[in-house]
Amino acid sequence: MVYLQLFYEFFKTGLFSVGGGMATVPFLQNMVSKTGWFTFGQLADMIAVAESTPGPLGVNMATYVGYTVGLQHYGVAGGILGAVDATVGLVLPSVIVILIIARVLQKFRESKYVEAAFYGLRPASTGLIGAAGISIILIAFFRVENIYQLFSAGKCNIGQVALAAVLLYLTRYCGKTKKLHPVYFILLSAVVGVVCQFGVVA
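As the structure is a prediction and not an experimental result, all values here were calculated from the model.

Chemist: Looking at this model, I keep getting lost on the pattern of salt bridges. Mind explaining?
Modeler: Pairs can form between side chains of opposite charge whenever their charged atoms are close. Counted by the stated rule, this structure contains 2 salt bridges. For the salt bridge of Glu-9 with Lys-12, the shortest nitrogen-to-oxygen distance reads 3.6 Å. In this pair, Glu-9 and Lys-12 are both assigned in helix α1 (residues 2-16), 3 residues apart and thus about one turn of the helix distant. For Glu-9, a relative accessible area of 3% corresponds to the buried category. Its salt-bridge partner being Glu-9, residue Lys-34 comes within 3.0 Å of it at the nearest N-O pair. Taken together, the residues Lys-34 in helix α2 (residues 25-35) and Glu-9 in helix α1 connect sequence positions 25 residues apart.

Quick look at the structure:
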């Protein structure tokens, strides 16, 4: 049953997460509340791992979640099966939709209704990506799950905010470093996180 649930949850995520990998984050947050497969803190870790490894964020997240869930229930072999199951669930809707669109788009390319639908999807995907970005900021910097908790119990992690600010400067405004490959900044962040023990609770 866990494999069916994994497939269903990620199929649904893949079907409705318009806007790419970051748009899957709100669905994963809902998955936390609904299934209890992982915590909001683990979700933040998953995002960090998925963004630091090759491949699309959504696919990496599905593989990671599927593996950890399968591993908890059935061991290593179950983890591998869970990873494949969740990844296929996430990707399959896109494959189906693209095949349908490729078949009919040429025919309806000039349709004002199709054009209006695409214009309607743009703000929806922007909203989903924006919500995902805010959620990641809340988890990474304040260790809270939503904006309401921020006012009651949230404490800003000054070290992580400072690191983000430094990286923003180095990647966007510093002429000597902004042309460097992103992998250098990812490795730098990992080293700083270990040295400063960002994730260690005293």
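After that view of the structure, there is still more to cover.
Chemist: Could you clarify how one ought to interpret the side chain of Ser-17 in this entry?
Modeler: Among the structural elements, Ser-17 can be located in the loop between α1 and α2. On the basis of relative accessibility, which here comes to 11%, the residue Ser-17 falls in the buried class. Of note is the side chain of Ser-17, whose polar atom sits 2.6 Å from the backbone oxygen of Thr-13. Those residues in contact with Ser-17 that lie beyond four places of it in its chain are Ala-23, Thr-24 and Phe-27.

Chemist: Please explain the packing of α1 against α2 as it appears in this structure.
Modeler: Packed helices, taken two at a time, are described by the angle between their axes plus the distance between the axes. Remark: α1 packs on α2, axes separated minimally by 11 Å, with the N-to-C direction vectors making an angle of 150 degrees. In terms of axis orientation, α1 runs roughly antiparallel to α2. In this structure, α1 crosses over α2, and the sense of that crossing is right-handed. Each of Gln-5, Tyr-8, Glu-9, Phe-10, Lys-12, Thr-13 and Phe-16 in α1 lies in contact with α2, whose residues at this interface are Phe-27, Leu-28, Met-31, Lys-34 and Thr-35.

Chemist: Got a minute to help me understand the nonpolar core in this structure?
Modeler: Most often, soluble globular proteins have nonpolar side chains that are buried together. Formed by 24 residues in total, the largest nonpolar core has its most connected members in Leu-6, Phe-10, Leu-28, Trp-37, Phe-38, Met-61 and Val-65. Elements represented by at least two residues in this core include exactly α1, α2, α3 (40-52), α4 (57-108) and α5 (112-142). Per-element tally for this core: the top contributor is α4, with 7 residues. Discounting chain neighbours no more than four positions away, the residues touching Trp-37 are Val-2, Gln-5, Leu-6, Glu-9, Met-31, Val-65, Val-69 and Gln-72. One finds Leu-163, Leu-167, Leu-170 and Cys-174 within the second-largest nonpolar core, a separate group that totals 5 residues.

Chemist: What is the right way to read α2 from this model?
Modeler: In an α-helix there are 3.6 residues to a turn, and that puts residues three or four apart on one side. Those residues of α2 that sit buried are Val-25, Leu-28, Gln-29, Met-31 and Val-32. Projected down its long axis, α2 carries its buried residues within an arc of 155 degrees, all on one side. Where α2 ends, the next residue or the one after it, Gly-36, has phi of about 70 degrees, a positive value.

Chemist: In this structure, what is going on with the packing of aromatic side chains? I would like to understand it.
Modeler: The geometry of an aromatic ring pair comes down to the distance between the two centres and the angle between the two planes. Within the structure shown, the criterion is met by 2 aromatic pairs. Aromatic side chains Tyr-3 and Tyr-74 sit 5.4 Å apart centroid to centroid with 20 degrees between the ring planes, which places their arrangement in the stacked category. Note that Tyr-3 is positioned in helix α1 and Tyr-74 in helix α4, a separation of 71 residues in sequence.

Cut-offs applied
- Going along each chain's sequence as written, the residues are numbered from 1 onward.
- Confidence filtering applies because this is a predicted model: local features only for residues at pLDDT of at least 70, side-chain atom pairs given and counted only at 80 or more, and all residues used for totals across whole chains, interfaces and linings.
- Working from all heavy atoms in the structure, the side-chain values ignore hydrogens and water.
- Between Lys or Arg on one side and Asp or Glu on the other, a salt bridge is scored when a side-chain nitrogen of the former is within 4 Å of a carboxyl oxygen of the latter.
- Secondary structure elements follow DSSP: runs of H or I no shorter than four residues count as helices, runs of E no shorter than two count as strands, and numbering proceeds from the N terminus.
- Only protein chains enter the accessibility calculation, which uses a 1.4 Å probe; a residue is then buried when its area is under 20% of its type maximum, exposed when over 50%, and partly exposed in between.
- A 3.5 Å cut-off defines polar contacts: any pair of N or O atoms within that distance qualifies, except that in protein one atom must be a possible hydrogen donor and the other a possible acceptor, and neighbouring residues in sequence count only when both atoms are side-chain atoms.
- Contact between two residues is taken to exist if any of their heavy atoms lie within 4.5 Å; hydrogens are not considered.
- Note on method: axes are straight lines fitted to C-alpha atoms, helices fitted across the in-contact stretch only, with angles between N-to-C directions ranging 0 to 180 degrees.
- Throughout this description, any angle smaller than 35 degrees is read as roughly parallel, any larger than 145 degrees as roughly antiparallel, any in the 65 to 115 degree range as roughly perpendicular, and the remainder as oblique.
- Note: crossing handedness is left-handed where the near helix turns anticlockwise from the far helix by less than a right angle, and right-handed where it turns clockwise.
- By convention a nonpolar core is built from buried Ala, Val, Leu, Ile, Met, Phe, Trp, Tyr and Cys residues, the set being connected through side-chain atoms within 4.5 Å.
- Of all possible arcs, the one meant is that of the directions from the helix axis to the C-beta atoms.
- Any two rings among Phe, Tyr and Trp, with Trp reduced to its six-membered ring, count as a pair given centres within 6.5 Å; such a pair is stacked if its planes are under 30 degrees apart, edge-to-face if over 60, and tilted if neither.

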